[in-house]
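Observations on the model geometry
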Amino acid sequence: MYDAIVVGAGSAGCVVAARLSENPNLRVALVEAGPDYPQLDQTPFDLVNSHNNSYRDHDWGFSYEPTSGREDRFPRGRVTGGSSAVNTTIALRGVPEDYDEWASLGNDGWAWPDVLPAFKRLERDLDFPDADYHGDSGPITIRRYPEGELVNAQSAFLSAAKKLDYPFCADANDPDGWGAGPHPMNKLGRLRVSAAVGYLAPARIRPNLDIIADTMVLRLLMDKRKCTGVEVRDLDGHVHQINAKLVVLAAGSLMSPGILMRSGLGPRREVEGIGVESIVDLMGVGENLSDHPATAVLCELKDGVAVDFDGPIIQTILRYTAEGSEKRNDLQIEQISFAGRPDGPPQFVIAPVLEYQYGRGKLTTLSADPSAAPRVENKFCEDERDLNRLVDCLIDTLAFVEAEPLKGMISSLVFPDPSRGIERQDLETLCRRFAGSGYHPCGTLKMGPQEDETAVVDSRGRCHGVEQLVIADASIMPSVPRANTNLTCLMIGEKIGEWLRTEPQNFGL
Ligand SMILES: Cc1cc2nc3c(=O)[nH]c(=O)nc-3n(C[C@H](O)[C@H](O)[C@H](O)COP(=O)(O)OP(=O)(O)OC[C@H]3O[C@@H](n4cnc5c(N)ncnc54)[C@H](O)[C@@H]3O)c2cc1C
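Remember, it's a predicted structure, so these values are computed and weren't measured experimentally. (Residues numbered from 1 in each chain as written. Predicted model: local features only at pLDDT ≥ 70, side-chain atom pairs only at ≥ 80, totals over all residues. Heavy atoms only, no water.)

1. As for the overall build of the protein chain
What the protein chain contains, in helices and strands, is 12 helices and 25 strands. For 509 residues, the compact-globule estimate of 2.2 N^0.38 gives 23 Å, and the C-alpha radius of gyration of the protein chain, at 22 Å, lies within 12% of that figure. With respect to the three principal axes, the spread of C-alpha positions in the protein chain is 65 × 45 × 45 Å. Across the 509 residues that make up the protein chain, the buried fraction comes to 61%. Partitioning the contacts of the protein chain with sequence separation of at least 6, the portion at a separation of at least 24 is 69%. Working note: accessible area of the protein chain is about 19,200 Å², and carbon and sulfur atoms make up 48% of it. The centroid of the 51 positive side-chain charges in the protein chain is displaced by 2 Å from the centroid of its 74 negative side-chain charges. (Helix = DSSP H or I, 4+ residues; strand = E, 2+ residues; numbered from the N terminus. Rg over C-alpha atoms; globule rule 2.2 N^0.38 Å. Buried < 20%, exposed > 50% of the residue type's maximum accessible area, 1.4 Å probe, protein only. Contact = heavy atoms within 4.5 Å. Areas by Shrake-Rupley, 256 points an atom, 1.4 Å probe, with all protein chains shown as cover. Lys, Arg positive; Asp, Glu negative; His and termini not counted. Charge placed at Lys NZ, Arg CZ, Asp CG, Glu CD.)

Next comes the structure, spelled out in structure tokens:
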């Protein structure tokens, strides 16, 4: 019998488990479907190597439908550290207005002044330790590449941005900042400072924390409307139960909804449709899927332009606002240092990304079988406001191809193909067909007050209508923030972990 079981050792789950277990009187179990590597020297290279994403060796193998009729792979980390253990390590916060918007929807405690202390607490910013909006002693080390460490394509991107009159931005996490500069990153040398590295490593010696890896949570155990533990399956296929006073679900925005549905918590008709008895009718489970639609400008490079597949994939970023938009920093352009295959022609990509999304997608749990993947439909660019701003961003990205010194490196534009037309309406067609995910799905178990029928958890992460169940991961975000989502997931873990530790009475602990 544990005090708390945390389901999923990802970005948020590691933080919650680490914060909860700071209280030596609480017995905590952290249950993870993937493997755990307690020693750095025994950790596989794909997890250590922050120069590129890990797509296969520690992945769930999901796919998704970004736009109508198109299927693609949707990577998600399956290992302690979760997606933070396989990601690009861009360490960006959303803009203050993102969190103010969450609070304005009835979520007390999530406005910018409320979340800033958690963002500061999670980081050790090596470049700006004295800024009043930065932390200097948290578990996640953050720095930025100095000019001398930028690979050719990245430094050319910053020079081109200057030619195009974008201001230089030394710190993309300055709440008022915008422009082009090196992105903040949670890596030290080549080491990816995942949530497992930053949070679990120091916590794992605690006698009150059990890390139970290679163990898949099949469903929650429910006694009427009260959650009493989890049913799990270990690597050998044995199914057993683990009991606790409280369960914290942190399996990520693509997996947490399915665990609820298989436990009888979700839209009644859909729960019954997969053959499970409905316990609480929660209409919002799987709805409100929010993400960053993106596309790509693929360039072939001149002979002699060096492309290093072993170097950092991204080092710089441009954050800016679409013309006429009321949403500040709603666009992002990223230079990707290499593309294609090492034995193919040298290529790189410049990627336009829409950071504020109006449209929403949906996630459907297709089966009561816990190993069945969810169906993920993003419906990108179906909202005209999203389409127009992504096209604006694509047009701005094409300007980089014509700006020196990038122009001097490029021999031809591969995508979009100029021979098929690159007028605005051609680009609209391309975005409608080919927009893909920035790999930042969230919102599928949205936080909001009880009066909002589509809200699944309250502003403390407690599941509406269910006792002793908290949800803490990307799924509770009401909307995607205008930034890559890892830091916001860590912040969610910090907020909910601290509440659990300091106000246990509010969670039945
Ligand atoms: C390839 C890639 C690149 C990315 N790049 C960046 C980036 O550069 N910067 C950035 O900010 N964000 C990036 N992201 C997004 C960011 O990493 C995620 O938003 C964040 O890690 C999500 O955190 P989470 O806690 O919600 O879920 P996750 O970190 O995905 O954690 C969920 C955990 O739960 C486990 N789990 C799931 N189901 C079960 C079950 N049934 N039983 C037990 N365990 C289970 C999973 O294995 C996983 O460990 C990237 C993501 C990917 C995949």
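2. Some points on the nonpolar core
Ranked by size, the top nonpolar core spans 134 residues in total, and within it I5, L260, F400, L469 and M491 carry the most contacts. Summarising the domain contributions, this core has at least three residues from each of domain 1 (1-144 + 190-288 + 359-380 + 441-509) and domain 2 (147-182 + 293-356 + 381-434). Apart from residues no more than four positions distant in its own chain, M491 is found in contact with Y99, W102, W110, V115, A118, F119 and L122. By size, the runner-up hydrophobic cluster in this structure holds 13 residues, among which are L92, A172, L298 and V349. (Core = buried A, V, L, I, M, F, W, Y, C linked by side-chain atoms within 4.5 Å. Domains from an automatic or database assignment.)

3. A word on the domain arrangement of the protein chain
Along its sequence, the protein chain is carved into domain 1 (1-144 + 190-288 + 359-380 + 441-509) and domain 2 (147-182 + 293-356 + 381-434). With centres defined by C-alpha atoms, the gap from domain 1 to domain 2 works out at 30 Å. The interface of domain 1 with domain 2 comprises 30 residues on the first partner and 33 residues on the second. Summed over both partners, the interface of domain 1 with domain 2 buries about 2,700 Å², with 48% contributed by carbon and sulfur atoms. Contact with domain 2 buries surface across domain 1, with H51, F380 and R482 losing the most and accounting together for 24% of the total. Along the contact surface separating domain 1 from domain 2 lie 5 salt bridges. Of the charged contacts, one joins D310 and R190 as a salt bridge, the two residues approaching to 2.8 Å between their closest N and O atoms. On the surface where domain 1 and domain 2 come into contact, there are 23 residue pairs in polar contact (both at pLDDT 80 or more). Considering every element that reaches the side of domain 1 that touches domain 2, the biggest residue donor is helix α3 (residues 96-104), with 3 residues. (Buried area = accessible area lost by both parts, 1.4 Å probe. Salt bridge = Lys/Arg side-chain N within 4 Å of Asp/Glu carboxyl O. Polar contact = N/O pair within 3.5 Å; in protein donor to acceptor, adjacent residues only side chain to side chain.)

4. Quick notes on helix α11 (residues 424-434)
Those residues of α11 lying buried are L427, L430 and C431. Down the axis of α11, the buried side of the element spans an arc of 100°, and every buried residue falls inside it. For α11, exposure combined with an orientation more than 90 degrees from the buried face picks out Q425 and R433. Contacts made by the buried residues of α11 are with α9 (384-401) and β23 (410-415). (Arc of directions from axis to C-beta.)

5. Concerning the state of the cysteines
Counted according to the given criterion, the structure contains 0 disulfides. Between C14, a cysteine without a disulfide, and C489, which holds the nearest cysteine sulfur, the sulfur-to-sulfur distance is 12 Å. There is no disulfide at C489, and the cysteine sulfur nearest it, in C442, is 7.5 Å away. A relative accessible area of 9% places C489 in the buried class. (Disulfide = S-S within 2.5 Å.)

6. Section: the site of the ligand
Inspection of the region around the ligand gives 38 residues, with S11, E32, I90, T485 and N486 positioned closest. Within the side chain of T485, one N or O atom sits 2.7 Å away from an oxygen atom of the ligand. The fraction of the free accessible surface of the ligand (1,000 Å²) that becomes covered by protein chains is 99%. (Near = heavy atom within 4 Å.)

7. A closer look at unusual backbone geometry
In this structure, P405 follows E404 across a cis peptide bond, with omega equal to 0°. Its location among the elements puts P405 in the loop between α9 and α10 (406-409). Although it is not a glycine, T89 adopts a positive phi angle of roughly 65°. For D214, which is not a glycine, the phi torsion comes out positive at approximately 50°. Position of D214 among the secondary structure elements: in the loop between β10 (209-212) and β11 (216-223).

8. So, the packing of aromatic side chains
Here the structure, examined in full by the defined rule, presents 16 aromatic pairs. Residues Y64 and F74 carry aromatic rings whose centres are separated by 4.3 Å and whose planes lie at 50° to one another, so their mutual orientation is tilted. Highlighted residues: Y64 in strand β3 (residues 62-64) and F74 in strand β4 (residues 72-74), separated in sequence by 10 residues. Neither residue differs from the other here; Y64 and F74 are each classed as buried. Arranged with centres 5.0 Å apart and planes meeting at 65°, the rings of Y356 and Y358 form a pair that is edge-to-face. Residue Y356 is classed as buried on the basis of its relative accessible area, which comes to 8%. Connected via pairs of aromatic rings, a cluster forms that spans Y99, W102, W110, W112, F119 and W499. (Phe/Tyr/Trp six-rings, centres within 6.5 Å; stacked < 30°, edge-to-face > 60°.)

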